[in-house]
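# Fold and contact review
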Amino acid sequence: MNDIITTANSKTAITFRDDTKVQITEQSKLVIDTFVYDGEKKTGKLGIKMALGTIKYASGQIAKNDPQQVMVETPTATIGVRGTDFSGTVDETGRSTIILLPSCPTGWKNIDRDCITGSISVTTIMGTILLTKPFEAVVVNTVIAQPKSAILNLSLDQINNMLIVTPPKEIREEKTRQATKGFNFLDENALDKDLLKYDGLDKNALDKPTGLERNYLDSDFLLNYLDIQSSQMLGNELDEYNGLLPKYSKATGLKYSVDDTTLTLYRETYSSYFELRVDTTRSLTLNINQDNLAIKQVVNSPGSTTITINQSN
Amino acid sequence: MKTLFALLLMTTSAFSQTVNNATVNLQGTNLNVSITQSGANHSAVVTITGVGASFMGSQYGTVAQSYSFSVYCGTNCPVNPYIINQY
């Protein structure tokens, strides 16, 4: 079959004859390998390959009656669907983020009461993990990664909002450039670029941000919840060497500055701001819940002190 | 049995719809700070000297905000001083 669906600036959705529904976001590429369906027996076979972008999948009759016959592949994982919904995102490196979603009827109000959550399996060379809980997610970086899951603190609305994506910054800039002036390949002069120029030594790796360098206008309120959650799941091996804030992730929107002996951790949204100041020698675990987003940050080492900050509006 | 210590309850405005309250309670092995803000553009700073921690919660615009800040301090919880500034 090998039908290829590629989106650029628009979203699309496919409803298969067995009522399987696949929503596809912008900048995505999907290959339909196999689709066979017997309408009388309500069985068949469905094979999909996700090459890039984000999809939201809702099971149809094949997955309900013969789940072994539904297979969704990404560059790094194979997803077995057992009569449920899920979202899948594949980035340019092939990294796959798969989130099990509850199947909710129209007009639902309470996930626990009104929705049904099935299960999906995620398989790599290193093994298979079964996702069974709503918003249970797995991030697979490579085919040789052992899949591990975590429960995301997200709502269905937030998952749906993830399906609204924008193209990468470079593409937007290029489109703006081409729109504002007639693009002329002769304008591109490769000789103007100094490929030998190296400015890595201009930066002092010992510099730490200080309070005076804080820019309150430099806040990104449109955070990518997937990046936040996956970065917290994965950590960053390089950040392990940052003794003061192990596994610190800028993607969470949590910022910090260090002045003399005081560590200031702060985070702001469009309507709220909190700031915590502690001694840099203190060891503690900080749990933050702000706008339904959960962030955990250790200072020095977990220690015996736990600080919890809850914000709501 | 640990005593419950309520230190301060302040309201910054005489108008009932404008609220900027901050309280500190010592509850067992936890020190609990609660901040409630409505009206517009409030901030509250709570400094807990014994723990060496200072917390600020701010409200941007008119969306009401509430913060709860809890420090597990085991058997070394300070009774005071707590310093609260609101503006």
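The structure under discussion appears in the preceding block.
Residues numbered from 1 in each chain as written. Chains lettered and ligands numbered in written order. Predicted model: local features only at pLDDT ≥ 70, side-chain atom pairs only at ≥ 80, totals over all residues.

## Observations concerning the overall build of chain A
Along chain A, the regular secondary structure elements total five helices and 19 strands. Partitioning the intrachain contacts of chain A with sequence separation of at least 6 by distance along the chain shows that 44% fall at a separation of at least 24. (Helix = DSSP H or I, 4+ residues; strand = E, 2+ residues; numbered from the N terminus. Contact = placed C-beta atoms within 7 Å.)

## A few points about the environment of tyrosine 82 of chain B
Structurally, tyrosine 82 of chain B is set in strand S7 (residues 82-86). When the C-alpha positions of tyrosine 82 of chain B and glycine 50 of chain B are compared, they lie 8.4 Å apart, and in sequence the two are 32 residues distant.

## Quick look at unusual backbone geometry
All names here are of chain A. Its identity as a non-glycine residue notwithstanding, glutamine 27 has a phi of 55°, on the positive side. By secondary structure assignment, the location of glutamine 27 is in the loop between strand S3 (21-24) and strand S4 (29-38). Among the residues examined, glutamine 27 registers 19 C-beta atoms within 10 Å and is labelled partly exposed. Even without a glycine there, the phi angle at lysine 247 is positive, about 60°. Relative to the elements of secondary structure, lysine 247 occurs in the loop between helix H5 (225-234) and strand S14 (255-259). A residue is classified by how many C-beta atoms lie within 10 Å of it, and lysine 247, with 16 of them, is partly exposed. (Buried ≥ 20, exposed ≤ 12 C-beta atoms within 10 Å, placed from the backbone.)

## Description of the sheet that holds strand S5 (residues 53-59) of chain B
The strand order S14(A)-S15(A)-S16(A)-S5(B)-S4(B)-S7(B) describes an open sheet built from six strands, whose pairing is antiparallel. At either margin of the open sheet sits one strand with a lone partner, and together these are S14 of chain A together with S7 of chain B. The mean angle between the axes of side-by-side strands here comes to 15°, regardless of whether they run parallel or antiparallel. Relative to S5 of chain B, strand S16 (residues 272-279) of chain A is paired through seven bridges, and the arrangement is antiparallel. Its bridge partner lying in S5 of chain B, valine 278 of chain A is registered against alanine 53 of chain B. (Pairing = 2+ DSSP bridges. Axes fitted to C-alpha atoms, helices over the stretch in contact; angles between N-to-C directions.)

## Here's the deal with the nonpolar core
Counting residues in each nonpolar core, the largest one holds 31 residues, and the members touching the most others are Leu276 and Ile309 of chain A together with Leu31, Val33, Val46, Ala53 and Phe55 of chain B. Here the element with the most residues in this core is S16 of chain A; it accounts for four residues. When neighbours within four sequence positions are excluded, isoleucine 309 of chain A is seen to be in contact with Phe274, Leu276 and Ile288 of chain A together with Tyr67 and Phe69 of chain B. (Core = buried A, V, L, I, M, F, W, Y, C linked by C-beta atoms within 7 Å.)

## Thoughts on the interface of chain B and chain A
Facing 22 residues of chain B, the contacting portion of chain A comprises 21 residues. Contributions of two or more residues to the side of chain B that touches chain A are made by S5 and strand S6 (65-72) of chain B. No other element matches the eight residues that S6 of chain B contributes to the side of chain B that touches chain A. Its residues assigned to classes, the side of chain B that touches chain A comprises 11 nonpolar, 11 polar and no charged. (Nonpolar A, V, L, I, M, F, W, Y, C, P; charged D, E, K, R; others polar.)

## Comments concerning the pairing of strand S6 (residues 70-73) of chain A
All names here are of chain A. The alternating pattern of S6 places Val70 and Val72 on a buried face and Met71 and Glu73 on a face that is not buried. Examined bridge by bridge, strand S5 (residues 43-58) and S6 share four bridges and lie parallel to one another. Bridging from a neighbouring strand, lysine 49 pairs with glutamate 73 of S6. Of the pairings in the sheet, the one linking S6 to strand S7 (residues 78-82) comprises three bridges and is antiparallel in character. When the bridges of S7 are listed, methionine 71 appears paired with glycine 80. Between S6 and S7, which pair antiparallel in sequence order, lie four residues.

## Observations regarding the pairing of strand S3 (residues 30-38) of chain B
Residue and element names in this part refer to chain B. Of the two faces of S3, the one lined by Leu31, Val33, Ile35 and Gln37 is fully buried and the one lined by Asn30, Asn32, Ser34, Thr36 and Ser38 carries no buried residue. Alignment of strand S2 (residues 19-27) against S3, held across nine bridges, turns out to be antiparallel. Residue leucine 26 lies in a different strand from S3, and its bridge partner there is leucine 31. With antiparallel pairing between neighbouring strands as the criterion, S2 and S3 make up a hairpin whose turn holds two residues, including glycine 28 at a positive phi of roughly 65°. Here S3 pairs with S6 via eight bridges, running antiparallel. What sits directly across from serine 34, in S6, is serine 68.

By themselves, these are just geometric observations and shouldn't be taken as functional.
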